[in-house]
Amino acid sequence: MASIRGKVRALTAPSRVGADLDVIVEDLNPVLRGWGAYFRQGNSSAKFGAVDSYVHERMARLASRKYGIRGFNWSDRFTWGWLGDLGIYRLTGTVRYPTAHARR
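Within each chain, residues carry numbers counting from 1 in the order of the written sequence. Only residues with pLDDT of 70 or above have their local features reported here, since the model is predicted, and side-chain atom pairs are shown and tallied only from 80 upward, although totals for entire chains, interfaces and linings are computed over all residues. Calculation of side-chain values draws on the structure's entire complement of heavy atoms; hydrogens and water are dropped beforehand.

1. So, the pattern of salt bridges
To be explicit about the condition: A pairing counts as a salt bridge when a side-chain nitrogen of Lys or Arg comes within 4 Å of a carboxyl oxygen of Asp or Glu. Comment: elements are numbered from the N terminus, with helices defined as DSSP H or I runs of at least four residues and strands as E runs of at least two. Three exposure classes are used, based on accessible area relative to the maximum for each residue type with a 1.4 Å probe and protein chains only: buried under 20%, partly exposed in between, and exposed over 50%.
Scanning the model with the defined rule gives three salt bridges in all. Close ionic contact of Asp 27 with Arg 16 constitutes a salt bridge, the shortest N to O distance being 2.7 Å. Remark: Arg 16 occurs in the loop between helix H1 (2-11) and helix H2 (21-38) and Asp 27 occurs in helix H2; sequence separation between them is eleven residues. Given a relative accessible area of 32%, Asp 27 falls into the partly exposed group.

2. A few points about the packing of H2 against helix H3 (residues 45-67)
Convention followed: Here an angle of 0 to 180 degrees is reported between the N-to-C directions of two axes, which are lines fitted to C-alpha atoms, with helices fitted over the stretch in contact. In this scheme, roughly parallel covers angles under 35 degrees and roughly antiparallel covers those over 145, while 65 to 115 is roughly perpendicular and the rest are oblique. For this analysis, residues touch if any pair of their heavy atoms sits within 4.5 Å. Throughout, the ten residues Ala, Val, Leu, Ile, Met, Phe, Trp, Tyr, Cys and Pro are labelled nonpolar, Asp, Glu, Lys and Arg are labelled charged, and all others, Gly among them, are labelled polar.
Running from N to C, H2 and H3 point in directions that differ by 170°, and their axes come no closer than 13 Å. The angle between H2 and H3 places the two elements in the roughly antiparallel class. In this structure, H2 uses Leu 21, Ile 24, Val 25, Leu 28, Leu 32, Trp 35 and Gly 36 to contact H3, whose residues at the interface are Phe 48, Val 51, Val 55, Met 59, Leu 62, Ala 63, Lys 66 and Tyr 67. In terms of residue class, the contact of H2 with H3 is made up of 13 nonpolar, one polar and one charged.

3. As for the nonpolar core
As a reminder, the rule being used: Buried residues of nine kinds, namely Ala, Val, Leu, Ile, Met, Phe, Trp, Tyr and Cys, make up a nonpolar core once their side-chain atoms join them within 4.5 Å.
Among the nonpolar cores identified, the biggest contains 25 residues, and Leu 32, Met 59 and Ile 88 are the most heavily contacted of them. Of all the elements in the fold, those that place two or more residues in this core are H1, H2, H3 and helix H4 (80-86). Setting aside residues no more than four positions away along its own chain, Leu 32 makes contact with Ile 4, Val 8, Val 51, Val 55, Ile 88, Tyr 89 and Leu 91.

4. Some details on the packing of aromatic side chains
Our working definition: Two aromatic rings from Phe, Tyr or Trp, using only the six-membered ring of Trp, form a pair when their centres are within 6.5 Å; if the ring planes differ by under 30 degrees the pair is stacked, by over 60 it is edge-to-face, and anything between is tilted. Charge-over-ring contacts are defined here by two conditions on Lys NZ or Arg CZ: a distance within 6 Å of the ring centre and an angle within 35 degrees of the ring normal.
The final tally for this structure, using the stated rule, is four aromatic pairs. Relative to Phe 48, the ring of Trp 35 lies with its centre 5.8 Å away and its plane at 50°, an arrangement referred to as tilted. Pair noted here: Trp 35 is in helix H2 and Phe 48 is in helix H3, with a separation of 13 residues, a long-range link. Taken individually, Trp 35 and Phe 48 each receive the classification buried, so the pair is uniform in this respect. Between Tyr 38 and Phe 39, the aromatic rings sit 4.8 Å apart at their centres with planes inclined by 85°, giving edge-to-face as the arrangement. The partly exposed category is assigned to Phe 39, whose relative accessible area is 37%. Every member of this aromatic cluster is reached through a ring pair, and the members are Trp 35, Tyr 38, Phe 39 and Phe 48. Residue placement shows Arg 5 over the ring face of Tyr 54; its charged tip is 3.9 Å from the ring centre. It is Arg 90 that lies over the ring of Trp 80; its NZ or CZ is 4.1 Å from the centre.

Rendered as structure tokens:
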């Protein structure tokens, strides 16, 4: 978890406020897809939800700084729909559980 959080933090750092959000999304999506593909097998849905929430928070903070908006107002301004409209890859719902093999 520390690894993915560090990568997301670096890609959504305040120093990137001048960059277009589409560029940040293009940089962020391959990292999320790769991490999600590696940890997809098994019971990782709780961790995927935590990563999605962290990405949501970081993107909302970045957008707040970019547009000079004081206060985050998560429920009004930066909803999950807003995040989906940006094109962020969501990890939630991508877990694949291994098939059970019956014993003979």
